[in-house]
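Fold and geometry: a report
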Amino acid sequence: MFSSDWLVCLLAGSYGRIRAALHQALPPLSEAASQAIFGGTAARVYQLLV
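About the criteria used
- Residues numbered from 1 in each chain as written.
- Predicted model: local features only at pLDDT ≥ 70, side-chain atom pairs only at ≥ 80, totals over all residues.
- Heavy atoms only, no water.
- Helix = DSSP H or I, 4+ residues; strand = E, 2+ residues; numbered from the N terminus.
- Buried < 20%, exposed > 50% of the residue type's maximum accessible area, 1.4 Å probe, protein only.
- Phe/Tyr/Trp six-rings, centres within 6.5 Å; stacked < 30°, edge-to-face > 60°.
- Lys NZ or Arg CZ within 6 Å of the ring centre and 35° of its normal.

1. Overview of the overall build of the protein
Along the backbone of the protein there are three helices and zero strands. Along its sequence from the N terminus, the protein presents helices and strands in the succession α-α-α. Taken along its principal axes, the extent of the C-alpha atoms in the protein is 30 × 25 × 10 Å. Taking all 50 residues of the protein together, the buried fraction comes to 14%.

2. Describing the environment of Gln24
Its location among the elements puts Gln24 in helix α2 (residues 15-25). Overall, the relative accessible area of 72% leaves Gln24 in the exposed class. Sequence separation between Gln24 and Phe2 is 22 residues; the distance between their C-alpha atoms is 14 Å.

3. Some details on the packing of aromatic side chains
Summed over all chains, the structure comprises four aromatic pairs. Taking 5.7 Å as the distance between ring centres and 75° as the angle between the ring planes, the aromatic pair formed by Phe2 and Tyr15 counts as edge-to-face. Taken together, the positions of Phe2 in the segment before α1 (6-9) and Tyr15 in helix α2 put the pair 13 residues apart, joining distant regions of the chain. The class of Tyr15 is partly exposed, set by a relative accessible area of 45%. Site record: aromatic cluster; members linked through ring pairs are Phe2, Trp6, Tyr15 and Phe38. Cation over ring: Arg19 sits above Phe38, and NZ or CZ is 4.4 Å from the ring centre.

Given below as structure tokens:
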């Protein structure tokens, strides 16, 4: 779940920089996996309407 440790991430850089680093560290993802990491899991866990 991307940004679940956001306050700590801010110590290392901006949103764009952190997101780019995560994309670089991950292997190629399916569309479903990418959606889960970048929003879907948070929406499900926190019961958000998307």
